[in-house]
Amino acid sequence: MRHIIIALCIAAPAAAQEIETDLELVLLADASGSIDADELAFQRQSYATAITDPAVVSAIENTLYGSIAVTYVEWATNQSTVVAWTIIADAESAQAFADALIGPPRGASGRNAIGSALLYGMNQINENDIKGFRRVIDFSGDSMGNTYGPPITVARDEVVADGITINALPILRDGRTFDLPTAYENNIIGGPNAFVMPARSGPEFTDAVKRKLILEIAGTTPQTRYATLLLGD
């Protein structure tokens, strides 16, 4: 008796297609012990206000792809993704990102682990299904503490070697004499067009976030060593 073998060909599921966009941007915001609940909420509101600003939306719409991908992460001893990767291409999608940013409970706490935070931001970029023409980590913080995890410069060098630019927004507090902008310049930022934009805590912070986003979306750097908020700069 002949045995007839019928082979069934089952097609493998198609691989997920990468989303192409102009910029993959990780907003990496300080949630360590020096940031209280009110300041945390203010930081989120500042980013929500900035991302929906008409000038920022216009900058997004005028990119090569007409869109960017953004995620918002808070860092401390651990890291917590507050808003997952979102494609922003217009005012409506910017507003959706802003709405998602307001309200989630605090997920990061404890002391500083800047090196770990930078590596977490890199992993968020490498593990998504998005292909950005440019890749940037937007780091903000109010100190240089690094109690846990790898040294800051070791982490920075690994991130930059992976083709990711790190920009920094040092939050300046009254009464502190430590030169945080220079420390961030020497130890945190790196990659093409990297820059430091200092801002004082309070209303100036929102303006700094907006200006920083516009520069990052456009892929340009400030004309001055530090992008300050002083009139005439």
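In case you missed it, the structure is sitting above this.
Residues numbered from 1 in each chain as written. Predicted model: local features only at pLDDT ≥ 70, side-chain atom pairs only at ≥ 80, totals over all residues. Heavy atoms only, no water.

Caption draft 1: Highlighting a nonpolar patch on the surface. Together, Leu64, Tyr65 and Phe133 make up a nonpolar patch on the protein surface, roughly 360 Å² of accessible area in all. Under the relative-accessibility criterion, Phe133 is labelled exposed at 55%. (Patch = residues over 30% accessible without salt bridge, like charges linked within 9 Å, V, L, I, M, F, W, Y side chains within 5 Å. Areas by Shrake-Rupley, 256 points an atom, 1.4 Å probe, with all protein chains shown as cover. Salt bridge = Lys/Arg side-chain N within 4 Å of Asp/Glu carboxyl O. Buried < 20%, exposed > 50% of the residue type's maximum accessible area, 1.4 Å probe, protein only.)

Caption draft 2: Structural view of the pattern of salt bridges. Per the counting criterion, the structure on display carries 7 salt bridges. The partner of Lys210 in a salt bridge is Asp53, and the shortest N-O contact between them spans 3.8 Å. On the criterion of sequence distance, the pair formed by Lys210 in helix H7 (residues 203-218) and Asp53 in the loop between helix H1 (37-51) and helix H2 (54-61) is long-range, its members being 157 residues apart. For the salt bridge of Glu216 with Lys212, the shortest nitrogen-to-oxygen distance reads 2.9 Å. Here the residue Glu216 and the residue Lys212 both occupy positions in helix H7, the gap between them amounting to 4 residues, near one helical turn. For the pair shown, Glu216 and Lys212 are each scored as buried. Here the salt bridges do not stand alone but share partners, grouping Asp138, Lys212 and Glu216 into one network. (Helix = DSSP H or I, 4+ residues; strand = E, 2+ residues; numbered from the N terminus.)

Caption draft 3: View of the sheet that holds strand E4 (residues 130-141). Spatial ordering of the open sheet is given by E3-E2-E1-E4-E5-E6, a layout of 6 strands whose pairing is mixed. Of all strands in the sheet, those bounded by a partner on one side alone are strand E3 (79-88) and strand E6 (199-200). Judged from the 9 bridges that link them, strand E1 (residues 19-30) and E4 form a sheet pairing that is parallel. Bridged to Leu25 within E4 is Val136. (Pairing = 2+ DSSP bridges.)

Caption draft 4: Structural context of the side chain of Ser67. Within the secondary structure, Ser67 is located in the loop between H2 and strand E2 (68-75). Owing to a relative accessible area of 8%, Ser67 belongs among the buried residues under this scheme. There is a polar contact of 2.8 Å between the side chain of Ser67 and the side chain of Thr21. Every residue in contact with Ser67, bar those within four places of it in the chain, is listed here: Glu20, Thr21, Asp22, Leu23, Ile60, Ile87, Ile88 and Ala89. (Polar contact = N/O pair within 3.5 Å; in protein donor to acceptor, adjacent residues only side chain to side chain. Contact = heavy atoms within 4.5 Å.)

Caption draft 5: Structural view of the packing of H2 against H7. In the contact formed by H2 and H7, the axes pass within 9 Å of each other and the chain directions differ by 10°. In terms of their interaxial angle, H2 and H7 are classed as roughly parallel. On H7, the residues that touch Ala55, Val56, Ala59 and Ile60 of H2 are Lys210, Leu213, Ile214 and Ile217. Among the residues making up the contact of H2 with H7, the classes are represented as 7 nonpolar, no polar and 1 charged. (Axes fitted to C-alpha atoms, helices over the stretch in contact; angles between N-to-C directions. Parallel < 35°, antiparallel > 145°, perpendicular 65-115°, else oblique. Nonpolar A, V, L, I, M, F, W, Y, C, P; charged D, E, K, R; others polar.)

Caption draft 6: Spotlight on unusual backbone geometry. Positive phi outside glycine occurs at Asn193, with the angle close to 60°. Following the sequence through the fold, Asn193 ends up in the loop between helix H6 (180-187) and E6. Here Asn193 falls in the partly exposed class, since its relative accessible area comes to 44%.

Caption draft 7: Structural view of H1. Taking 1.5 Å per residue as the helical rise, H1 with its 15 residues ought to reach 21 Å, and the 21 Å between its terminal C-alpha atoms agrees with that figure. Capping the start of H1 is the job of one residue whose side-chain oxygen sits 3.1 Å from the backbone nitrogen of Asp38: Asp36. (Expected span 1.5 Å × (residues − 1).)

Caption draft 8: Highlighting the packing of H1 against helix H3 (residues 91-101). Between H1 and H3, the shortest axis-to-axis distance is 9 Å and the interhelical angle comes to 175°. For the element pair H1 / H3, the angle class is roughly antiparallel. Judged by residue contacts, Arg44, Tyr47, Ala48 and Ile51 of H1 engage Ala94, Phe97, Ala98 and Leu101 from H3. Each residue belonging to the contact of H1 with H3 can be placed in one class, and the counts come to 7 nonpolar, no polar and 1 charged.

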